[in-house]
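Topology and contacts: notes
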Amino acid sequence: MTDQDTASATTDNERAQSLKSVGWLSYVLHLIVAVGAVVPGTQPGVALLIVALIIDLVKRDDAQGTWQASHFSWRIRTVIWAALLYLLTAPLWLAFLIPGMLAWAAISIWFLYRIIKGMVAMNASQPLPT
């Protein structure tokens, strides 16, 4: 192995570790929001979710070509789908309180499931389905 190969391997390893650290930070922020959405009275606010989404959008290009790219896309898609589902079911709150609560509870549980599934795959250093 040449010095250039060693330097390249070190750089790739540092990049992978950096992306994994950013991924964990994003997953933890998403997890805080997801738990807050499921447990009544503990809503930490949308600000954490926006911060996590911005991190994912900014760092997504850095992960291209790695197994971690699927995690960035997974988190971004999860947030977009959850936001759309919340918006689509918002009128249920105006018309009927109980159906609105049930719909949002189901969306929140789905969101929590997606975040936990992603964290498990990240821990195993595995990509997620696209």
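Residue numbering note: each chain is counted from 1, following its sequence as written. In keeping with the model being predicted, local features are shown solely for residues with a pLDDT of at least 70 and side-chain atom pairs are shown and tallied solely at 80 or more, while totals for entire chains, interfaces and linings include all residues. Side-chain metrics in this entry use all non-hydrogen atoms of the structure; hydrogen atoms and water are not considered.

**Considering the pattern of salt bridges**
- Here, a salt bridge means any Lys or Arg side-chain nitrogen found within 4 Å of an Asp or Glu carboxyl oxygen. The final tally for this structure, using the stated rule, is two salt bridges.
- Its salt-bridge partner being Asp56, residue Arg75 comes within 2.9 Å of it at the nearest N-O pair. Here Arg75, found in helix H3 (residues 69–95), pairs with Asp56, found in helix H2 (residues 46–59); they are 19 residues apart in sequence, far enough to count as distant.
- Given a relative accessible area of 0%, Asp56 falls into the buried group.
- Note that Lys59 is salt-bridged to Asp62, the shortest N-O span being 2.9 Å.
- For every residue, the accessible area obtained with a 1.4 Å probe (protein chains only) is divided by the maximum for its type, and the residue is called buried under 20%, exposed over 50%, and partly exposed between those limits. Overall, Asp62 belongs to the partly exposed group, its relative accessible area being 35%. Only DSSP runs of H or I covering at least 4 residues are called helices, and only runs of E covering at least 2 are called strands; the numbering of each starts at the N terminus.

**Remarks on the environment of Ser73**
- Relative to the assigned elements, Ser73 resides in helix H3.
- Taking the C-alpha atoms as reference, Ser73 lies 9.8 Å from Pro129; in sequence the two are 56 residues apart.

**Topic: the side chain of Thr78**
- With respect to the helices and strands, Thr78 occurs in helix H3.
- One polar contact links the side chain of Thr78 to the main-chain carbonyl oxygen of Trp74, over a distance of 2.7 Å.
- What makes two residues a contact is simply this: any of their non-hydrogen atoms within 4.5 Å. Ignoring sequence-local partners within four residues, the contact set of Thr78 consists of Trp110, Phe111, Arg114 and Ile115. Pairs of N or O atoms are called polar contacts if they sit within 3.5 Å, as long as, within protein, a hydrogen donor faces a hydrogen acceptor (for residues adjacent in sequence, only side-chain-to-side-chain pairs).

**Concerning the packing of H3 against helix H4 (residues 97–123)**
- Comment: axis = line fitted to C-alpha atoms, over the contacting stretch for helices; angle = value between 0 and 180 degrees taken between N-to-C directions. Taken N-terminus to C-terminus, the directions of H3 and H4 make an angle of 175 degrees; their axes are 8 Å apart at the nearest point. The pairing of H3 with H4 is recorded here as roughly antiparallel in orientation.
- For this classification, Asp, Glu, Lys and Arg are treated as charged, while Ala, Val, Leu, Ile, Met, Phe, Trp, Tyr, Cys and Pro are nonpolar and the rest, including Gly, are polar. Along the lines of polarity and charge, the residues of the contact of H3 with H4 split into 21 nonpolar, six polar and four charged. In what follows, roughly perpendicular refers to angles from 65 to 115 degrees, roughly parallel to angles under 35, roughly antiparallel to angles over 145, and oblique to any angle outside these ranges.

**What to know about H2**
- In a helix, the anticipated span is given by 1.5 Å times the number of residues less one. Along its 14 residues, H2 runs 20 Å from first to last C-alpha, staying within 8% of the 20 Å computed at 1.5 Å per residue.
- Taken together, the buried positions of H2 are Leu49, Ala52, Ile55 and Asp56. Take H2 and look down its axis: the buried residues cluster within an arc of 125 degrees, on one side only. Exposed side of H2, more than 90 degrees from the buried face: Val46, Ala47 and Val58 are the residues found there. Directions pointing from the helix axis toward each C-beta atom define the arc.

**Details of the packing of aromatic side chains**
- Ring geometry is summarised as follows: Phe, Tyr and Trp rings, the Trp one being its six-membered ring, pair when their centres sit within 6.5 Å, and such pairs are stacked at plane angles under 30 degrees, edge-to-face over 60 and tilted between the two. All told, the structure shown has two aromatic pairs when counted by the stated rule.
- One cation-aromatic arrangement involves Arg75 over Phe72; the distance from NZ or CZ to the ring centre is 4.7 Å.
- A positively charged side chain is recorded as over a ring if its NZ (Lys) or CZ (Arg) lies within 6 Å of the ring centre. The angle to the ring normal must also be within 35 degrees. Across from the ring centre of Trp74, 3.5 Å away, lies the NZ or CZ of Arg114, which sits over that ring.

**Focus: unusual backbone geometry**
- Notably, Ser125 is not glycine yet its phi reads approximately 55 degrees, a positive angle.
- A residue is classified by how much of its surface remains accessible, and Ser125, at 34% relative accessible area, is partly exposed.

**What to know about a nonpolar patch on the surface**
- Each patch is assembled from residues with relative accessible area greater than 30% and no salt bridge, linking like charges that lie within 9 Å and nonpolar side chains (Val, Leu, Ile, Met, Phe, Trp, Tyr) that lie within 5 Å. All accessibility values rest on the Shrake-Rupley procedure with a 1.4 Å probe; residue burial counts only the protein chains present in the view. On the surface, a nonpolar cluster with roughly 490 Å² of combined accessible area is contributed by Trp93, Leu97, Ile98, Met101 and Leu102.
- In terms of residue count, the dominant contributor to the nonpolar patch is H4 (four residues).
- Looking at the element boundaries, Leu102 is found in helix H4.
- Residue Leu102 is classed as exposed on the basis of its relative accessible area, which comes to 58%.

By themselves, these observations are geometric and do not establish any function.
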